[in-house]
Amino acid sequence: MLHSILFYVFAAIMFGAALGVVFSRNPVHAVMFLVFTFFNAAILWLLAEAEFLAIVLVLVYVGAVMVLFLFVVMMLEVDIEAAKRGLTRYAPLGIALALVMAIELVNVIWLRAEMPVGSGGFAATPDGYSNTKALGAVLYTEHVFAFEIAAVILLLAIIAAITLTMRRRPGLKVQNIAQQVAVRAKDRIRVVKMDAEKKQ
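What counts and how
- Residues numbered from 1 in each chain as written.
- Predicted model: local features only at pLDDT ≥ 70, side-chain atom pairs only at ≥ 80, totals over all residues.
- Heavy atoms only, no water.
- Helix = DSSP H or I, 4+ residues; strand = E, 2+ residues; numbered from the N terminus.
- Buried < 20%, exposed > 50% of the residue type's maximum accessible area, 1.4 Å probe, protein only.
- Contact = heavy atoms within 4.5 Å.
- Areas by Shrake-Rupley, 256 points an atom, 1.4 Å probe, with all protein chains shown as cover.
- Core = buried A, V, L, I, M, F, W, Y, C linked by side-chain atoms within 4.5 Å.
- Expected span 1.5 Å × (residues − 1).
- Patch = residues over 30% accessible without salt bridge, like charges linked within 9 Å, V, L, I, M, F, W, Y side chains within 5 Å.
- Salt bridge = Lys/Arg side-chain N within 4 Å of Asp/Glu carboxyl O.
- pLDDT = per-residue confidence, 0-100.
- Phe/Tyr/Trp six-rings, centres within 6.5 Å; stacked < 30°, edge-to-face > 60°.
- Axes fitted to C-alpha atoms, helices over the stretch in contact; angles between N-to-C directions.
- Parallel < 35°, antiparallel > 145°, perpendicular 65-115°, else oblique.
- Left-handed = near helix turned anticlockwise from the far one by under 90°.
- Nonpolar A, V, L, I, M, F, W, Y, C, P; charged D, E, K, R; others polar.

Before going further, it helps to spend a moment on the overall build of the chain. Along the backbone of the chain there are nine helices and zero strands. Listed by position from the N terminus, the elements making up the chain come as α-α-α-α-α-α-α-α-α. Out of the 200 residues belonging to the chain, those deemed buried represent 10%. Across the chain, the fraction of contacts at a sequence separation of at least 24, relative to all contacts at a separation of at least 6, is 57%. On the chain, roughly 17,400 Å² of surface is accessible, and the fraction owed to carbon and sulfur atoms is 71%.

As structure tokens, this is what we get:
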């Protein structure tokens, strides 16, 4: 009973935080709401006895990816008006996708309620069971090729991101290391001699 109450409480908090991500006008606030959403999702993983997935969600997404997003959003000059125009333009598609996902969730919950007791749900884990060991055994045996393909795709994404940031575009501020090293003090400082002025 307590397990179900905690699940619905944290699920409702996560749903509210997700709405804050969508409807927040400040991009920094949206990123903070997303961090809060991931944190509550990690708590739900803990309730499902998936401790490894919960800690990975906190360390990877909350601790690394979202912090990186936060710094990028804070350093970039985000055009709020352009973002609002894009939101209104893609609003029908977003609403349609949200309705489809809501219908799927309702169907899953309805089918779960119709299932006989004991036919589904989480099975009790024995003492000494490690979901990290079980996940690693499945990941590196049955799904090793999918794991390697995902690693290659992530490597390509890193290379593409670096390539996009290194391209030449108007208004891009870049460093010229050779010019900085070859600079001379007399080229940087100019001494101007002028007569002293008397205060009135």
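Examined against the element boundaries, T37 turns out to sit in helix α2 (residues 27–47). Those residues in contact with T37 that sit more than four places away from it in its chain are M14, A17, A18 and V21.

Let us look at the nonpolar core. In terms of nonpolar packing, the biggest core is built from eight residues, these being V35, F38, A41, A42, A54, L57, V62 and M66. Elements represented by at least two residues in this core include exactly α2 and α3 (51–75). Ignoring any residue separated from it by four or fewer positions in sequence, one finds A41 in contact with M14 and L57.

Along its 21 residues, α2 runs 31 Å from first to last C-alpha, staying within 8% of the 30 Å computed at 1.5 Å per residue. E49 lies just past α2 and shows a positive phi near 60°.

On the surface, M1, L2, I5, L6, V9, I13, F36 and F39 cluster together to form a nonpolar patch covering roughly 770 Å² of accessible area. Among the secondary structure elements, those contributing two or more residues to the nonpolar patch are α1 (2–23) and α2. If one sorts the elements of the nonpolar patch by residue count, α1 sits on top with five residues. On the secondary structure map, I13 appears in helix α1. Owing to a relative accessible area of 32%, I13 belongs among the partly exposed residues under this scheme.

In the predicted model, the chain carries a mean pLDDT of 80, and the fraction of residues at 70 or more is 84%. No element of the chain has a lower mean pLDDT than helix α4 (residues 80–89), at 67, and none a higher one than α1, at 88.

Now for the side chain of N40. Along the chain, N40 falls in helix α2. In contact with N40, not counting residues within four places along its chain, are F10, I13 and M14.

Attention now goes to the packing of aromatic side chains. We describe a pair of aromatic rings using the distance from one ring centre to the other and the angle between the two ring planes. According to the stated counting rule, one finds three aromatic pairs in the structure shown. Taking 5.6 Å as the distance between ring centres and 75° as the angle between the ring planes, the aromatic pair formed by F7 and Y8 counts as edge-to-face. Relative accessible area serves as the criterion here: at 35%, F7 is assigned to the partly exposed category. Centre to centre, the rings of F38 and Y61 are 5.2 Å apart; their planes meet at 45°, and the pair counts as tilted. Of this pair, F38 sits in helix α2 while Y61 sits in helix α3, and the two are 23 residues apart along the sequence.

One turn of the α-helix equals 3.6 residues, which is why residues spaced by three or four share an orientation. With 24 residues, helix α5 (residues 91–114) should reach 34 Å at 1.5 Å per residue; the first-to-last C-alpha distance of 34 Å fits that figure. Counting buried positions along α5 yields zero of 24 residues, so the element is predominantly exposed.

We now examine the packing of α1 against α2. Relative orientation of the contacting elements α1 and α2 amounts to 160°, with a least axis distance of 8 Å. Between α1 and α2, the crossing angle belongs to the class labelled roughly antiparallel. The two elements α1 and α2 meet at a crossing, and its hand is left-handed. Seen from α1, the contacting residues are H3, L6, F7, F10, A11, I13, M14, A17, A18, G20 and V21; seen from α2, they are A30, F33, L34, F36, T37, N40, A41, I43, L44 and L47. Its residues placed into classes, the contact of α1 with α2 shows 17 nonpolar, four polar and no charged.

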